[in-house]
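# Observations on the model geometry
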Amino acid sequence: MLRARRSTAAFFALVSLGGAAIAPNAAAQSAKHPMTIDDMMALKSVGSVAISPNGALVVYTQSEWEHPSANPAKGDTALGDKHEVRSHLWLVPTDGSRPPRQLTFSERGESQPQWSPDGSAIAFISARGAATGDEQPRPEIHILRLEGGEAEKITNAKDGVTGFSWSPDGKRIAFLSVDTLPKTTDAARKRRDDPQVYEGDFRLSHVWVVDVATKKESELVHTTEFTVRGAPDWSPDGRRIAYVTTPSTLLRDERRNAFIVDATTGAAERIDGGADVQSTPQWSPDGRTLALTTLRQTHAMVPDSMPFREILNSHLVLYDVAAKRARDVSAGFDNSPGTITWSPDSRSLYFTAGDRVYSSVYKFDVASGKYSQLTQRAIVRGLSFDKSGTRTAFVMDTPLSPGNVYSSDATFATQRKLTEANPQLANISLGESEVVTWKSSDGQEVEGVLLKPVGYRAGQRYPLLVEIHGGPTGAHNAGFKANWSSPGQFWAGQGWAVLYPNPRGSTGYGEKFMRGNVPDWGGGDYRDIMTGVDAMIARGVADGDKLAVTGWSYGGYMTSWVVTQTNRFKAAMEGAGLTDLVSMYGTTDIPGYIASFFHGVPNKETTEFYRQRSAITFVDNVTTPLLILHGGNDQRVPIGQPMEYFRALKDRGKTVQLVFYPREGHGFSEYYHQMDKVRREFDWINRYTLGTPKSVSSR
């Protein structure tokens with residue numbers, strides 16, 4: 001018996017019955033309190049968004065910490081229960097007529113929602129089902145149909161799915177999956193007969209196509225010559241697929257190629273973009289052009305055929321499919337474009353890009369070659385357009401709130417807020433942010449963000465924490481500061497001002513500024529930071545006798561460097577920091593990135609320069625009490641870096657503590673480690689800066 005298809009409105013009503021709506025703020029009238037660590041950990045995060053083809057609905061992901069094994073009312077138990085971040089799908093109408101509703105509730109969560117081309121279903125990735133022995137269920141593509149019913153698993157990839165895209169007719173889905181281990185190798189690993197050849201064990205990812213109706217899967221191209229990165233993109237007629245590849249899975253492998261592949265035969269044709277292709281080529285709706293980004297390579301290959309990472313902007317390139325000719329159209333745009341989206345008429349491209357302390361939306365007109373900026377002083381991410389190109393959905397962050405879902409017309413002039421993911425913030429006292437600029441020692445203008453303490457009063461001086469960002473090709477933005485790596489609102493609630501400087505080397509200020517610390521780590525960037533501190537003291541905000549500094553990754557490098565160059569800071573925290581650039585080059589998983597800043601690999605000509613920009617060379621100068629925090633399994637900045645610096649400081653009688661976090665890599669993913677990082681950092685800095693211990697409980 002055929003079942004009549006329900007309307008979109010009927011489906012929304014259906015899922016509303018079982019969904020969890022955003023609850024009204026029952027404590028709206030209660031007194032506000034400063035942000036606690038528990039408040040910070042309870043924040044929900046909005047991820048990817050996808051607008052329906054007719055522009056009526058937006059499906060999006062929302063993640064938070066879940067503790068499924070324990071009763072939330074009782075808190076933690078003594079049973080070894082774990083907190084896990086889970087992402088689920090939510091649905092909201094673009095006209096704001098109804099509150100958001102949760103669509104999915106599986107134990108391990110869901111991600112990457114995509115509407116079918118006709119808008120009748122939503123595909124997503126989820127690992128569902130029970131474990132088999134030591135094997136956990138793999139992430140597979142599932143489809144939830146708007147006509148009702150449970151989500152249906154479409155793929156059966158033994159090693160799971162990492163990315164996918166619908167064919168234009170909705171009958172097929174192209175997806176990526178990692179090559180399956182031979183049974184003998186798999187069995188050997190299970191019995192721990194598993195020696196590993198360093199940088200020699202590659203499991204490549206390839207493109208598969210599944211028929212949605214029959215669930216029959218076929219591998220499109222099998223090769224040992226490359227691995228595919230990113231979700232593939234179908235041509236409008238469904239006959240071809242474009243994707244980008246690298247020869248190996250090594251993160252340091254910067255070689256990139258792109259291909260057009262026949263979706264039936266697997267016959268492949270390489271795309272010559274004129275430089276290393278950085279992003280998956282995107283088909284124009286008329287099928288004539290592919291839009292992609294490329295990165296020009298200026299360094300010679302080292303003998304192992306791996307190039308260094310270029311410290312340059314990526315360029316927007318248009319590839320004429322028939323003529324097989326690429327055209328660089330980046331003239332007039334001095335930043336790196338983000339993910340590219342075509343307009344339905346193939347006349348324009350939309351993307352976001354760093355814009356000083358913001359992330360702005362830009363439009364490129366193909367005919368004129370002109371760029372226009374569509375948003376101002378906003379932090380926008382995750383653009384999604386409906387089929388007509390007249391309506392868009394996106395996520396926007398503000399200084400006083402993490403990301404929420406918005407909709408607008410294609411001009412971005414009619415923005416409507418659709419969600420309030422964290423209504424509890426109405427009961428929390430927050431510090432105000434201000435974008436600030438100052439002149440560095442050489443006259444260079446430098447920008448940053450100043451987060452003022454809760455209850456700030458002009459003319460009163462406050463202790464100042466300086467937080468240095470990672471990268472260095474990264475940047476602080478003007479968004480909400482409340483997570484384990486950047487817990488500014490927690491500090492503001494404790495009476496601190498926080499400065500987030502963007503010294504030379506930061507992105508979002510043009511290519512020249514981004515290259516401003518090549519080859520000058522610890523030079524102009526250090527002076528940019530210190531003049532920022534001076535500027536905050538001159539403004540009457542900061543107490544010059546109560547200064548502290550912290551940073552992670554490159555920010556950790558800079559923190560370790562700062563305390564060798566000045567004794568102005570009373571306390572410091574170095575997180576995942578590199579302190580000996582010679583040994584860092586030899587052990588990191590991105591040696592080419594380091595080499596790009598320091599005239600190539602360490603050798604008899606360059607090694608002394610590496611040493612002169614390494615904090616460990618000047619360790620005798622350190623007087624600032626230093627807390628060092630590091631992931632125990634960090635391959636980006638291996639654990640030898642903090643161990644060397646700790647030993648050098650300890651042997652000299654300096655005040656230092658080193659804390660390792662088991663299982664963690666370059667960033668922290670575990671609940672209690674994130675909480676400990678924030679609490680331990682605060683206790684250390686508060687103790688040595690303000691002179692009295694002040695331990696802060698999580699509540």
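Read on for an overview of the structure.

### Here's the deal with the overall build of the protein
A count of helical and extended segments in the protein gives 12 helices and 39 strands. In summary, the protein has a C-alpha radius of gyration of 26 Å against a globular reference of 27 Å for 699 residues, a match within 12%. If one aligns the C-alpha atoms of the protein with their principal axes, the spans along those axes are about 80 × 65 × 60 Å. Looking at the protein residue by residue over its 699 residues, the buried ones come to 54%. Here the contacts in the protein between residues at least 6 apart in sequence split such that 57% fall between residues at least 24 apart. Carbon and sulfur atoms make up 49% of the accessible area of the protein, which amounts to about 30,300 Å² in all. Of the side-chain charges in the protein, 77 are positive and 77 negative, and the distance between the mean point of each set is 3 Å.

### Some remarks on the packing of helix α6 (residues 524–538) against helix α7 (residues 554–565)
The geometry of α6 relative to α7 is characterised by a closest axis approach of 11 Å and an angle of 75 degrees between their N-to-C directions. Between α6 and α7, the crossing angle belongs to the class labelled roughly perpendicular. Mapping the contact onto sequence places D525, Y526 and I529 in α6 and Y554, M558, W561, V562 and Q565 in α7. Looking at the contact of α6 with α7 residue by residue, the classes come out as six nonpolar, one polar and one charged.

### Observations concerning the nonpolar core
Grouped together as the largest cluster of nonpolar side chains are 59 residues, with contacts concentrated most on L464, W521, M558, I594 and Y645. The dominant element in this core, judged by the number of residues it contributes, is α6, at seven residues. If sequence neighbours within four positions are ignored, W521 has contacts with P472, Y554, Y557, L578, L581, I594, F597, F598 and R613. By size, the runner-up hydrophobic cluster in this structure holds 42 residues, among which are W491, W496, V498 and V659.

### Considering the environment of N54
Inspection of the secondary structure assignment puts N54 in the loop between β2 (45–51) and β3 (57–66). Take N54: its relative accessible area is 52%, and that puts it in the exposed class. The sequence separation of N54 and T390 amounts to 336 residues, and the corresponding C-alpha distance is 9.8 Å. Of note is the side chain of N54, whose polar atom sits 2.7 Å from the side chain of S52.

### A look at the side chain of S167
Within the secondary structure layout, S167 lies in the loop between β10 (163–166) and β11 (172–178). By relative accessible area, which is 0% here, S167 ends up buried. Reaching out from S167, the side chain makes a polar contact with the side chain of D169 at a distance of 2.6 Å. Residues contacting S167, with those up to four places away along its chain left out, are P117, R172 and W234.

### Describing a nonpolar patch on the surface
The grouping of I639, M643 and F660 at the surface amounts to a nonpolar patch, some 240 Å² of accessible area in total. Position of I639 among the secondary structure elements: in the loop between β38 (626–631) and α11 (640–651).

### With respect to α11
For α11, with 12 residues, the first-to-last C-alpha span of 16 Å sits near the 16 Å given by 1.5 Å per residue. All of the buried residues along α11 are Q641, P642, Y645, F646, A648 and L649. End-on, the buried residues of α11 take up no more than an arc of 165 degrees, which puts them together on one face. Those residues of α11 that are buried are in contact with α7, β37 (571–575), α8 (581–587), β38 and β39 (656–661).

### Re the packing of aromatic side chains
Counted under the stated rule, the structure contains 36 aromatic pairs. A centroid spacing of 6.4 Å and a plane angle of 45 degrees characterise the contact between F226 and Y243, whose relative ring orientation is tilted. Of this pair, F226 sits in the loop between β13 (217–219) and β14 (227–234) while Y243 sits in strand β15 (residues 240–246), placing them 17 residues apart in sequence. By the burial criterion, F226 is buried, and Y243 matches it. An aromatic cluster is defined as three or more aromatic residues linked by ring pairs; in this entry it consists of W521, Y554, Y557, W561, Y593, F597, F598, F609, Y610 and F618. Over the ring of Y500 we find K481; its NZ or CZ atom is 4.8 Å from the centre of that ring.

### Brief notes about the environment of V435
Note that V435 resides in strand β32 (residues 433–439). The spatial distance from the C-alpha of V435 to the C-alpha of D620 is 36 Å, given a sequence separation of 185 residues. In this view, V435 contacts V357, Y358, E447, G448 and A478; residues no more than four positions away in its chain are not counted.

### Description of the pairing of strand β22 (residues 325–328)
Pairing of strand β21 (residues 315–320) with β22, which is carried by four bridges, proceeds in the antiparallel orientation. When the sheet's bridge partners are listed, V317 is paired in β22 with D328. Once β21 ends, the chain turns through four residues before running back antiparallel as β22, passing K324 with a positive phi of about 55 degrees.

### Structural notes on the side chain of H630
The topology assignment puts H630 in strand β38. On the basis of relative accessibility, which here comes to 0%, the residue H630 falls in the buried class. Separated by 2.6 Å, the side chain of H630 and the backbone oxygen of V637 make a polar contact. Excluding residues within four positions of it along the chain, H630 makes contact with A576, G577, V637, P638, I639, P642, V659, F660, Y661 and F668.

### What to know about the pattern of salt bridges
Inspection of every chain in the model, using the stated rule, returns 26 salt bridges. Where D159 meets R203, a salt bridge forms, and the shortest distance between an N and an O atom there is 3.0 Å. Here the residue D159 occupies a position in the loop between β9 (152–153) and β10, and R203 occupies one in the loop between α3 (183–190) and β12 (205–211), the gap between them amounting to 44 residues. Judged by its relative accessible area of 25%, R203 falls in the partly exposed class.

### What about the pairing of strand β28 (residues 391–398)?
A large share of β28 lies buried, amounting to six of its eight residues. The sheet contact formed by strand β27 (residues 379–385) and β28 spans five bridges and is antiparallel. Note on β28: the bridge partner recorded for F385 is T392. The hairpin formed by β27 and β28 contains five residues between the paired strands, and G389 there has a positive phi angle of roughly 75 degrees.

About the cut-offs
Residues numbered from 1 in each chain as written. Predicted model: local features only at pLDDT ≥ 70, side-chain atom pairs only at ≥ 80, totals over all residues. Heavy atoms only, no water. Helix = DSSP H or I, 4+ residues; strand = E, 2+ residues; numbered from the N terminus. Rg over C-alpha atoms; globule rule 2.2 N^0.38 Å. Buried < 20%, exposed > 50% of the residue type's maximum accessible area, 1.4 Å probe, protein only. Contact = heavy atoms within 4.5 Å. Areas by Shrake-Rupley, 256 points an atom, 1.4 Å probe, with all protein chains shown as cover. Lys, Arg positive; Asp, Glu negative; His and termini not counted. Charge placed at Lys NZ, Arg CZ, Asp CG, Glu CD. Axes fitted to C-alpha atoms, helices over the stretch in contact; angles between N-to-C directions. Parallel < 35°, antiparallel > 145°, perpendicular 65-115°, else oblique. Nonpolar A, V, L, I, M, F, W, Y, C, P; charged D, E, K, R; others polar. Core = buried A, V, L, I, M, F, W, Y, C linked by side-chain atoms within 4.5 Å. Polar contact = N/O pair within 3.5 Å; in protein donor to acceptor, adjacent residues only side chain to side chain. Patch = residues over 30% accessible without salt bridge, like charges linked within 9 Å, V, L, I, M, F, W, Y side chains within 5 Å. Salt bridge = Lys/Arg side-chain N within 4 Å of Asp/Glu carboxyl O. Expected span 1.5 Å × (residues − 1). Arc of directions from axis to C-beta. Phe/Tyr/Trp six-rings, centres within 6.5 Å; stacked < 30°, edge-to-face > 60°. Lys NZ or Arg CZ within 6 Å of the ring centre and 35° of its normal. Pairing = 2+ DSSP bridges.

Purely geometric stuff here, so don't read any function into it on its own.
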